[in-house]
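Understanding the architecture of this molecule
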Amino acid sequence: MSALDRRSLFRILGAGAGCVAFSEADRARAAALEAAPSALASGPGSSRALQWDKAPCRFCGTGCGVEVATEGGKVVAVRGDEKSPVNKGLLCVKGYHLPAILYGADRLLYPQLRQSDGSLKRISWDEALELIASKYREALEARGPESVAVYGSGQWTVFDGYAALKWVKGGLRSNHLDPNARLCMASAVTGFLSQFQSDEPMGCYEDLELADDVVLWGANMAEMHPVLFSRILESKRARPTVRIVDIATRRTPSSEYADLYVEFRPGSDLALANGILHLLVKNGKLAQSFIDRNCVYKRGIEDLEAIGYGCYGEQAERYTFADEPKDSNFEEFQRFLEDYTPQKVSEISGVSVAQIELLATLYGDSKRKTLSLWCMGVNQHTRGTWMNNLITNLHLVTGKIARPGNNPFSLTGQPSACGTVREVGTLSNRLPADMVVTNPEHRAKAEKIWRLPEGTIPSKPGHHAVDMFRAFQRGELACLWIQTTNPWVSLPNLHRYQRKPGDGKFLIVSDVYPTPTTDQADLILPSALWVEREGVFGNSERRTQQWNKLVDPPGEAREDAWQIVEVAKRMGMGHLFPWEGDWHEPMFEEYRSFTLGVGKDLGSYEQLKSTRGLLWPVVDGKETRYRYAGGHDPYVAKGRDVHFYKAKGYGERAAIWLRPYHPPAEVPDAEYPLWLCTGRVLEHWHTGSLTRRVRQLHQAMPRSYVELNRADASALGVKSGDTVRLKTRRGAMELEARVDGRGQPPRGSVFVPFFDESKLINELTLDAMDSISKEPDYKKCAVRVERVEQGA
Amino acid sequence: MRTRAALSLAALALVAACTGESSSSDGVAVPGRAGAVKSSASVRAARRLYDGAPPTIPHPPLGAACTQCHNARGMHVEGLGFSPPSPHEETRGMSAFSRCNQCHVHALEGGEFVANGFAGLAQDLRRGERLYDGAPPVMPHGTLMRENCSACHDGPAAREEVRCTHPARARCVQCHVSQLETTVFSRP
């Protein structure tokens, strides 16, 4: 703070304490209100007469309930919904500032078409929809379904995702539909699928209060899932025996509350988890009878050369690796783990032998309930599926699973990554309710529900997200429609995806504000946002939440699902959306029919309307807090404690996977000596296109920066506030340095948030991917940091 | 040196108390002190996106624990000012308020990324309703995370309009109840 600031503060302080009061203006307003109570329904000051309606928060995957106050057709306030079992009335700073995201001055209001000189021209919806229909029709006729694609979002409502799925797979007969959620939780999907043959966690948020040991694997919950972190802190306050363990590559605000902080070298979590498994076996801590009854052993391809990283050689163009699961057994598992002695794991990971032993004691203590939580650190990982497998292994081998307080739980970053992407199945290989396009029975079921001829849905999986943009760059896609997401900020190695509008490809972007992605678009469509339309989201704990439209969208903005339905109708595919009038409820009920009787049962639309969300499976109107758990899950027969009934291919048992340690795709060397990790901050959500338009959030976090370790900073001669240059093999940029800020990376690594569109850190990141999920690794690449002559 | 730094930190923390933007025309002028203002409903509103939103922090980051000054009773330093108490001090259940910055953020600089036309709910300036003259007024607001009534209704930070006349009676909710619903009872 400058001396001037300080002086002016003292001058203000000089006003003295004394009592504080209404100003004359306040007093006049109060008197007017007291005198004319009938005028209260309009104008400010009428909080007592407000209508408060329920909705889920628009931001992260926590799915907090908010109550929304509207007045004069505008949202004027929100409050944490005390009736919501998720947040019980609390919100975070983003949630409290949620209503302002609707009112940024540069909302997109009309369809706009890019002209040959690069300018945008307003066109009518009718023109826009006809144009999209004709472009897709032309592409289909000229080059077939391989040439069209849709890139969607975990912020899509269930309606948007379902409409897109049905149109692309049932109408266009293409599987080139993939979401941005491929970039954030695909590894959790492949993790759960490979172990339980059914996606999504078995536990729920109640686990946060019931666990004795809460283990964070690379998740900075204090900033990214603040309300859930509050539930953990409150549990610890009420029960001081609760312990929080933070396993991370960087000290974060979450670390401040941890009883144990375990710092490992980037990527070495694979070795660490295997080291814990090694000790559990060695110390006789396996729940042998649980394993015998409920588990099988599996292993896949482990050859580093065969798997690769998706970013080198031929893989840098197309990455299609597929794992080949084989049966394994306990003896093989034991032999496999012999490699991971505490000494060896300590050498790989940098974690002390004592800490590895402590973690093994913690997971092996049958008297204490253990909850493992993870998000991007584990999922955005070149072996993310493996790491998901290994964390779940820790719970399977100790029997600490599918019981209240004992669960592996994957957190999600988008409000409907679960509801829309994972459950509706808006991925290139999937169909609703755990079904896949590669299975003929699954395709047949979808075709039957959709009343489509047999053989309509193609059996070959389409492009995964990164591959979709590589294909677009190669010119293989003639039409690409992006909705509710901002890939020209969020894709890794962004330099690869430069284009000029008018290059023969047709790019449509539906969004609410101008972004670097709309800058690339040939056609921009204005979307309705949050409570400007009716919707359904599904959160991390399997909770399906419905809300009603509360205000009109601005200008001509329309909901994404409507945009898709209207284009489908113009392409002669109106039979996909046959409903007259308001199609929300019938569309949801059709989608719901996929889920009934298969353990993914959603509540009826009517029931969802009147509740604060329901945890599926919902059977006979009752939700399920713990899947696969006797006494909780209606699919588990009476008398059984645990039953992994979805894993038909494994004899209804869960799979313990043998997964080795592999090094990251790029490691620091003499030329690029530091690790670069990217991520998020409390104040901004993802690419910042919503939160940066809220003054309070913008002013609290105006721009990106790079966090440096104090030792690295002093070696470079850099102090907080100085400008430094970051260079990787992909690009370079200048950023403000922060030393000992809210996060403290260890020596040899730096951290940069990715929300700032004027500092596109993804131009520097590497597009290495998880071999199975094809989710990129944004957390590990090599960087050089240089001091920039200050004042230059 | 360390002591001096700590003292100036403590002093700065007090700015949060009852003072606001000195330029605010809605502020209450302090006699004999040019440019100085006391807090007012308008100053209160300027720190919130809408009534009910968590206030932003009107002083710079100080590097000290917030609760050092914003504790259950607030903190007064002669000649400087008063740091208002935390209304969350009694909060239990969901609200682990040890992470203040989860909801309250600083304005590190001015300006906007893009202008925003949001017009938030204004504070209800009326007094709480009374059934009859002399009856205890009902609360015109909810109580979640405002369990420490005295934070706003007692002590130097309390505005005179809402100052409690009987702070010795410890259990406020015995007589004053919250009014969140606008419905009227009817038999099912």
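Positions within a chain are numbered from 1, following the residues in the order the chain's sequence is written. Chains and ligands are labelled sequentially in the order written, the chains with letters from A and the ligands with numbers from 1. Totals for whole chains, interfaces and linings use all residues, but because this is a predicted model, local features are given only for residues with pLDDT of at least 70 and pairs of side-chain atoms are given and counted only at 80 or more. Side-chain calculation: all heavy atoms of the structure are included, whereas hydrogens and water are not.

**Re the overall build of chain B**
In terms of regular secondary structure, chain B is built from three helices and four strands. Runs of E in the DSSP output that reach at least two residues are strands. Runs of H or I that reach at least four are helices, and both are numbered from the N terminus. Starting at the N terminus and walking to the C terminus, you meet the elements of chain B as α-β-β-α-β-β-α. Categorising residues by exposure relies on relative accessible area from a 1.4 Å probe, with only protein chains included: less than 20% of the type maximum marks a residue as buried, more than 50% marks it as exposed, and the intermediate range marks it as partly exposed. The proportion of buried residues among the 188 residues of chain B is 39%. The contact criterion used is simple: two residues touch if any of their non-hydrogen atoms lie within 4.5 Å. Pairs at least 24 apart in sequence give 55% of the contacts found in chain B among residues at least 6 apart.

**A closer look at the overall build of chain A**
A count of helical and extended segments in chain A gives 26 helices and 29 strands. By the compact-globule yardstick of 28 Å for 792 residues, chain A fits well, its C-alpha radius of gyration being 26 Å. In terms of overall dimensions, chain A has C-alpha extents of about 80 × 75 × 55 Å along its principal axes. Within chain A, the proportion of its 792 residues that are buried is 67%. The globule rule is 2.2 Å times the number of residues to the power 0.38, and the radius of gyration it is compared with is taken over C-alpha atoms.

**Some details on the sheet that holds strand β10 (residues 260–263) of chain A**
Residue and element names in this part refer to chain A. At least two bridges found by DSSP between two strands are what make those strands a pair. With parallel pairing, five strands are arranged side by side in an open sheet as β10-β9-β8-β13-β14. Edge positions in the sheet fall to β10 and β14 (407–410), since each of these pairs with one other strand and no more. Shown here is a sheet whose adjacent strand axes are inclined to one another by a mean of 15°, direction ignored. Alignment of strand β8 (residues 213–217) against strand β9 (residues 243–248), held across five bridges, turns out to be parallel. If you follow Val214 over to β9, its bridge partner there is Ile244. Here helix α15 (residues 353–364) sits on the sheet in contact with β8, β9, β10 and β13 (370–374), set at roughly 125° to β10. Lines are fitted to the C-alpha atoms to define the axes, a helix being fitted only along its stretch in contact, and any angle between axes, read from their N-to-C directions, falls within 0 to 180 degrees.

**Quick word on the nonpolar core**
By nonpolar core is meant a set of buried Ala, Val, Leu, Ile, Met, Phe, Trp, Tyr and Cys residues that side-chain atoms within 4.5 Å join together. Residues Trp217 and Leu272 of chain A are the most contacted members of the largest nonpolar core, which totals 87 residues. With nine residues, the single largest contributor to this core is helix α10 (residues 269–282) of chain A. The contacts of Leu272 of chain A, once residues within four sequence positions are left out, are Trp217, Ile247, Val262, Val345, Val351, Ile356 and Leu359 of chain A. Counting 76 residues, the second largest nonpolar core, distinct from the first, contains Leu228, Trp547 and Ala700 of chain A together with Phe118 of chain B.

**Some details on the confidence of the model for chain A**
pLDDT expresses, on a scale from 0 to 100, how confident the predictor is about each individual residue. Confidence along chain A averages 94 in pLDDT terms, with 94% of residues attaining 70 or more. Note that pLDDT drops below 50 for residues 1–20 of chain A; the model gives that stretch 43 contacts with residues more than four away or on any other chain.

**With respect to unusual backbone geometry**
Most peptide bonds adopt trans geometry, and most residues besides glycine take a negative phi value. All names here are of chain A. A cis amide bond, omega -5°, links Trp616 with the succeeding residue Pro617. Tracing the backbone shows Pro617 in the loop between β22 (614–615) and β23 (654–658). At Ala433, a residue that is not glycine, the phi angle is positive and equals roughly 55°. Residue position: Ala433 is located in the loop between β15 (430–431) and β16 (435–436).

**Topic: the packing of α10 of chain A against helix α17 (residues 384–398) of chain A**
Residue and element names in this part refer to chain A. Running from N to C, α10 and α17 point in directions that differ by 15°, and their axes come no closer than 9 Å. Here α10 is positioned roughly parallel relative to α17, judged by the angle of their axes. Considering only the axes of α10 and α17, their crossing is left-handed. Between α10 and α17, the contacting residues are Asp269, Leu270, Ala273, Asn274, Ile276, Leu277 and Leu280 on the first element and Trp386, Met387, Leu390, Asn393, Leu394, Val397 and Thr398 on the second. Throughout, the ten residues Ala, Val, Leu, Ile, Met, Phe, Trp, Tyr, Cys and Pro are labelled nonpolar, Asp, Glu, Lys and Arg are labelled charged, and all others, Gly among them, are labelled polar. Classifying every residue of the contact of α10 with α17 gives ten nonpolar, three polar and one charged. Should an angle fall under 35 degrees it is taken as roughly parallel, and over 145 as roughly antiparallel, whereas 65 to 115 is taken as roughly perpendicular and any remaining angle as oblique. The crossing is said to be left-handed when, going from far helix to near helix, the turn is anticlockwise and less than a right angle, and right-handed when the turn is clockwise.

**As for the packing of aromatic side chains**
All names here are of chain A. Put simply, two rings from Phe, Tyr or Trp (the six-membered ring, in Trp's case) pair if the centres are within 6.5 Å, and we call them stacked under 30 degrees between planes, edge-to-face over 60, tilted for the rest. Summed over the entire model, instances satisfying the criterion amount to 31 aromatic pairs over all chains. For the pair Phe469 and Tyr497, a centre-to-centre distance of 6.2 Å together with 75° between the ring planes defines the contact as edge-to-face. Residue Phe469 is located in helix α20 (residues 465–474), and its partner Tyr497 is located in the loop between α21 (487–490) and β18 (506–511); the two are separated by 28 residues in the primary sequence. Residue class for Tyr497 comes out buried when judged on its relative accessible area of 1%. Over a ring means this: the NZ of a Lys or the CZ of an Arg is within 6 Å of the ring centre and within 35 degrees of the ring normal. Over the face of the ring belonging to Phe472 we find Lys505, whose NZ or CZ atom lies 4.8 Å from the ring centre. The aromatic ring of Tyr705 is capped on one face by Arg738, whose charged end is 4.1 Å from the ring centroid.

**Details of helix α4 (residues 125–143) of chain A**
Residues and elements named next belong to chain A. A helix is expected to reach a length of 1.5 Å times the quantity of its residues less one. Under the 1.5 Å per step criterion, the end-to-end length of α4 is 27 Å for 19 residues, consistent within 8% with the ideal 27 Å. Turning to α4, its buried residues number three or more, namely Trp125, Ala128, Leu129, Ile132, Ala133, Ser134, Tyr136 and Ala139. As for α4, its buried residues are in contact with β6 (148–152), α5 (158–171), β17 (479–483), β18, β19 (523–526) and α22 (560–570). Phi turns positive, to about 85°, at Gly144, one or two residues after α4.

**Concerning the sheet that holds β22 of chain A**
Residue and element names in this part refer to chain A. Read from one edge to the other, the open sheet built from three strands follows the order β20-β21-β22, with strand pairing classed as antiparallel. For this open sheet the edge positions go to β20 (535–538) and β22, each flanked by a neighbour on one side alone. For β20 and strand β21 (residues 543–547), the ladder comprises four bridges, and the chain directions are antiparallel. Across the sheet, Gly538 pairs through a bridge with Thr544, a residue of β21.

**Remarks on the side chain of Thr691 of chain A**
Residues and elements named next belong to chain A. Residue placement: Thr691 occurs in the loop between β24 (674–679) and α25 (695–700). The class for Thr691 is buried, based on a relative accessible area of 0%. Each polar contact in these results corresponds to two N or O atoms within 3.5 Å; when the atoms are within protein, one needs to be able to donate a hydrogen and the other to accept it, and residues that are neighboring in sequence are counted only if both atoms are side-chain atoms. From its side chain, Thr691 meets the backbone nitrogen of Trp685 in a polar contact 3.1 Å long. The contact partners of Thr691, leaving out residues within four places of it in the chain, are Phe59, Lys94, Glu683, His684, Trp685, Leu697 and His698.

**A word on the pairing of strand β11 (residues 295–299) of chain A**
All names here are of chain A. In terms of burial, β11 is a largely internal element, four of the five residues being buried. Bridge count between β11 and β23: five bridges; the pairing is parallel. If you follow Tyr297 over to β23, its bridge partner there is Ile656. Looking at chain direction, β11 and strand β12 (residues 326–328) are connected through three bridges and run antiparallel. Looking across to β12, one finds that Tyr297 is bridged to Ser328.

**Side note on helix α19 (residues 440–449) of chain A**
Every α-helix winds through 3.6 residues per turn, so residues three or four apart in the chain are directed the same way. Residue and element names in this part refer to chain A. Looking only at α19, the buried set comprises Arg443, Ala446, Glu447 and Ile449. When α19 is viewed along its axis, its buried side chains cluster within an angular range of 165° and face the same direction. In α19, those exposed residues whose orientation departs by more than 90 degrees from the buried face are Pro440, Glu441 and Lys448. Buried residues in α19 make contact with β15, β16 and α23 (584–595). Count one or two residues on from α19 and you reach Arg451, which has phi positive near 55°. As used here, the arc belongs to the directions running from the helix axis to the C-beta atoms.

**Some details on the environment of Pro136 of chain B**
Residue and element names in this part refer to chain B. Within the secondary structure layout, Pro136 lies in the loop between β4 (81–83) and α3 (150–153). What makes Pro136 partly exposed here is its relative accessible area of 37%. Apart from the residues within four sequence positions on either side, Pro136 is in contact with Glu129, Arg130, Cys175 and His176.

**Describing the packing of α19 of chain A against α23 of chain A**
Residues and elements named next belong to chain A. Their axes nearest at 11 Å, the elements α19 and α23 cross at an angle of 150°. On the basis of the axis angle, α19 is roughly antiparallel to α23. The way α19 lies across α23 gives a crossing that is right-handed. Facing α19, whose interface residues are Lys445, Ala446 and Ile449, α23 presents Glu590, Ser593 and Phe594. Along the lines of polarity and charge, the residues of the contact of α19 with α23 split into three nonpolar, one polar and two charged.

**With respect to the environment of Val214 of chain A**
Residues and elements named next belong to chain A. Along the polypeptide, Val214 turns up in strand β8. The class for Val214 is buried, based on a relative accessible area of 0%. For the pair Val214 and Gly405, spaced 191 residues apart in sequence, the C-alpha separation works out to 9.3 Å. Every residue in contact with Val214, bar those within four places of it in the chain, is listed here: Ile232, Arg243, Ile244, Val245, Leu371 and Leu373.

**Quick notes on the environment of Arg729 of chain A**
Residue and element names in this part refer to chain A. Tracing the backbone shows Arg729 in the loop between β26 (723–727) and β27 (732–739). For the pair formed by Arg729 and Asp213, sequence separation is 516 residues and the distance between their alpha carbons is 41 Å. Not counting chain neighbours up to four residues away, the residues in contact with Arg729 comprise Glu666, Asp669, Tyr672 and Ala782. A distance of 3.0 Å separates polar atoms of two side chains, one belonging to Arg729 and the other to Glu666. Within the structure, Arg729 has its side chain in polar contact with the side chain of Asp669 (distance 2.6 Å).

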